[in-house]
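# Reading the structure
Here is how the chains run, residue by residue.
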Amino acid sequence: MTPLMRRFAFALLVAAAVAAATRTGSADSHKRYALVFYNEAPAFEAEAKAFTAGMAKRGYLAQVVDAQAAARQHENVHDLIAAYLQGTTTTVPGATWASSPARTPIQSGDELVLSFQCDGALNVGVYLDPDTRVNRQGFQVDQGGQRLANHDACWITSGQISALATLAERRGINLVVIDGSCSGGATTFLLERRGVCALSEAPPGFPAVQGDPALSQYLDHKRYPFIRTFSDLAAAGGLTILAQMPQREQQDGFYSAGGVAASAMTLRAAIYGVDQSLGAWDLGTTDVYPYFAKYLKAHPTRVTMGYLGGDKIPPKPTEPLDLLLRRSKNYQIIIREELQRTNAVWRAEDAMLQNDPQSPEAQKKAQLYAQFSRGEFVTNPIEFTATGGRGPLLVRSGQQAVPLLPKNGVPPTIPAAHVAVRRMIGVLVSDSAPLAAALQELEREVHSGRGSADNPTPEELVTLRRIAMIEARNRNVLPRLSKVLGLLDLVEARAVASPCDKPI
């Protein structure tokens, strides 16, 4: 190389370096923020602070806020966040910084991770369309009522969170929302169709997922170097959650992914709505429950999912049995409607997988299904209640993985999983009529006054035995249905582009 050529090559290198530095400087000018709210329950507070610290270690300007104290002092948590998004303040009142405090307000091009670690209450339990009007029992009404998929956690509703997403969009702020409440799926449902990355997750101590690991642990670079995106984070949390029998369909670890999360939650919500209406979780509010609880205590014929028992039995009923039976029928209608739509999608997918297996879409879905069904992402470092196994979560080798289902329990292919899901849903729905009839018969016998919960009549014992038999069959079906559905949900979500496919 001649001296002139060397000088020319050197000049090119310098120019490239300057251009790279310019690009880097431009990218670095956009900051990443994390704003985490919690209520004063110990599990939420601990997880909120751990999550905030983990985000700070990843380079986020992170602050954590006691939402309960903020609500007492300022009345409106939504307004506090709105002021922050509008750039009128750099610190939310009462916040504690886990990083160095921000010097300038958030601005266009910046990213904000907004996390809520709080109890939540959903006004309804089934998703259809955000414009549907319902009453507090979840029944569709012609006028009045409330919007579907709206909940309250950390003194802010999912509808208000959606309004904040509008504000963020107007200002050009890239928003990520993580809802840790037991009704966090409502937030995912509303934000997914808007192209906003939204995750619903359940931290430790939740009623249905005791022992599940918190998302904060996956922020550790050294322990989990392959948690790269918010989609990865959602998959980690979601699989540990579906590994145990969920009582509340809204708290699964779904995340925004091309409409997949909203669709999955609609079907799953209706399935569990039917079961909960006719199972111990909701029967605890009726006058037949003391009989039911005493019988199950003496005859342990099923797992204790939702079984109150002991001093947790309400002193008097708060809902009539008739309301639960009507709610169950309402959910069954939604199951039929959603299955019609889902079956059309599944038939097209089955045809694609069988007729064009070498297509990129077919190969991607088949590979994802094989990957997840082998148990690669399915162990729980605290406790895996389905099998009692232990081991690290998200292991690559599979050597320490606890299977998602027992050997030969996972359908071998996606089409086979579709068949299995339809069959299991059929069992639950067909059991609903005899179960409802038995519950009504028990209620008549209870009101006759001939027996008591401590000393039921022979007729009541026969009815209780019939109820327990049907419930036991459902309890054998539901955990497997939950896991196979969750496996399909994850494959569908990971197979499409998601606004959550952004680095953490």
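The structure reproduced in this document is the subject of the present report. (Residues numbered from 1 in each chain as written. Predicted model: local features only at pLDDT ≥ 70, side-chain atom pairs only at ≥ 80, totals over all residues. Heavy atoms only, no water.)

### Some words on the overall build of the protein
Each helix and strand in the protein was counted, giving 14 helices and 11 strands. Expressed as a percentage of contacts within the protein between residues at least 6 apart in sequence, the contacts between residues at least 24 apart total 75%. Summed over all atoms, the accessible surface of the protein reaches about 21800 Å², with 54% contributed by carbon and sulfur. (Helix = DSSP H or I, 4+ residues; strand = E, 2+ residues; numbered from the N terminus. Contact = heavy atoms within 4.5 Å. Areas by Shrake-Rupley, 256 points an atom, 1.4 Å probe, with all protein chains shown as cover.)

### A short note on the packing of aromatic side chains
Following the criterion strictly, the structure yields three aromatic pairs and no others. Pairing Phe37 with Phe116 gives two aromatic rings, centres 5.8 Å apart and planes at 20°, and the pair type is stacked. Placement of the pair is Phe37 in strand S1 (residues 32–38) and Phe116 in strand S4 (residues 111–117), with a sequence separation of 79 residues. Between Tyr289 and Phe292, the aromatic rings sit 5.9 Å apart at their centres with planes inclined by 55°, giving tilted as the arrangement. Here Tyr289 pairs with Phe292, and both are found in helix H10 (residues 289–298), just three residues apart, close to one helical turn. Exposure remark for Tyr289: the relative accessible area of 0% places this residue in the buried category. A relative accessible area of 1% places Phe292 in the buried class. The ring of Phe189 has Arg193 lying over it, and the distance from NZ or CZ to the ring centre is 4.9 Å. (Phe/Tyr/Trp six-rings, centres within 6.5 Å; stacked < 30°, edge-to-face > 60°. Buried < 20%, exposed > 50% of the residue type's maximum accessible area, 1.4 Å probe, protein only. Lys NZ or Arg CZ within 6 Å of the ring centre and 35° of its normal.)

### Comments concerning the environment of Asp322
Structurally, Asp322 is set in helix H11 (residues 321–355). With 36 residues separating them along the chain, Asp322 and Thr286 place their C-alpha atoms 9.5 Å apart.

### Concerning the pattern of salt bridges
Scanning the model with the defined rule gives 14 salt bridges in all. The salt bridge partner of Glu361 is Lys365, with a shortest N-O separation of 3.9 Å. Taken together, the positions of Glu361 and Lys365, both in helix H12 (residues 360–373) and four residues apart, correspond to about one turn of that helix. Using a relative accessible area of 47% as the deciding quantity, one classes Glu361 as partly exposed. Taking the relative accessible area as the measure of exposure, Lys365 reaches 8% and is therefore buried. Lys365 is the partner of Glu492 in a salt bridge, and the nearest nitrogen-oxygen pair spans 3.0 Å. Remark: Lys365 occurs in helix H12 and Glu492 occurs in helix H14 (residues 458–494); sequence separation between them is 127 residues. A relative accessible area of 17% means that Glu492 is categorised as buried. In this structure, a network of salt bridges that share partners links the residues Glu349, Glu361, Lys365 and Glu492. (Salt bridge = Lys/Arg side-chain N within 4 Å of Asp/Glu carboxyl O.)

### Focus: the side chain of Asp232
Along the chain, the position of Asp232 falls in helix H7 (residues 230–242). A relative accessible area of 9% places Asp232 in the buried class. At a separation of 3.0 Å, a polar atom in the side chain of Asp232 contacts the side chain of Arg494. Setting aside residues up to four positions removed in sequence, Asp232 forms contacts with Phe226, Ile227 and Arg494. (Polar contact = N/O pair within 3.5 Å; in protein donor to acceptor, adjacent residues only side chain to side chain.)

### Digging into the state of the cysteines
Note on terminology: disulfide describes a covalent bond linking the sulfur atoms of two cysteines. Tallied over the entire structure, the rule returns two disulfides. Here Cys118 is linked by a disulfide to Cys154, with a sulfur-sulfur distance of 1.6 Å. Residues Cys118 and Cys154 share a disulfide whose torsion about the S-S bond is about 70°; that sign makes it right-handed. Here Cys118, found in the loop between S4 and strand S5 (120–122), pairs with Cys154, found in the loop between strand S8 (151–153) and strand S9 (156–157); they are 36 residues apart in sequence, far enough to count as distant. Cys154 carries the same exposure label as Cys118, and that label is buried. Cysteine pairing for the protein, with bonded cysteines counted in sequence order: 1-2, 3-4. (Disulfide = S-S within 2.5 Å.)

### Comments concerning the sheet that holds S4
In spatial order, the strands read S3-S2-S1-S4-S10-S11; together these six strands make up an open sheet with mixed pairing. At either end of the open sheet lies a strand with only one pairing partner, and these are strand S3 (96–97) and strand S11 (197–200). When S1 meets strand S2 (residues 61–66), the two strands line up parallel, connected through six bridges. Within S2, the residue paired with Leu35 across the bridge is Gln63. (Pairing = 2+ DSSP bridges.)

### Looking at empty space enclosed by the protein
Rolled over the atoms, a probe with the dimensions of a water molecule shows which regions are left empty. For the structure shown, the criterion picks out two cavities of 30 Å³ or more. Roughly 60 Å³ of volume is contained in the second largest cavity. As for the second largest cavity, its lining consists of Val274, Asp275, Leu278, Leu428, Ser432, Leu435 and Asn474. At the level of elements, helix H8 (260–278) and helix H13 (414–448) are the ones that each hand at least two residues to the lining of the second largest cavity. Taken together, the residues that form the lining of the second largest cavity break down as four nonpolar, two polar and one charged. (1 Å grid on protein atoms, 1.4 Å probe; cavity = no way out; pocket = protein on both sides within 12 Å on 5 of 7 lines; lining within 4 Å. Points joined across faces, edges and corners; volume = space filled by probe spheres on them. Nonpolar A, V, L, I, M, F, W, Y, C, P; charged D, E, K, R; others polar.)

### Here we look at the sheet that holds S8
Strand order in the open sheet made by the three strands is S5-S8-S9, with antiparallel pairing throughout. Taken across any chain shown, the strands that pair with only one partner, and hence form the sheet edges, are S5 and S9. Where S5 and S8 come together, three bridges link them in antiparallel fashion. Directly across from Gly120, in S8, lies its bridge partner Ala153.

As far as function goes, none of this settles anything; it's purely spatial.
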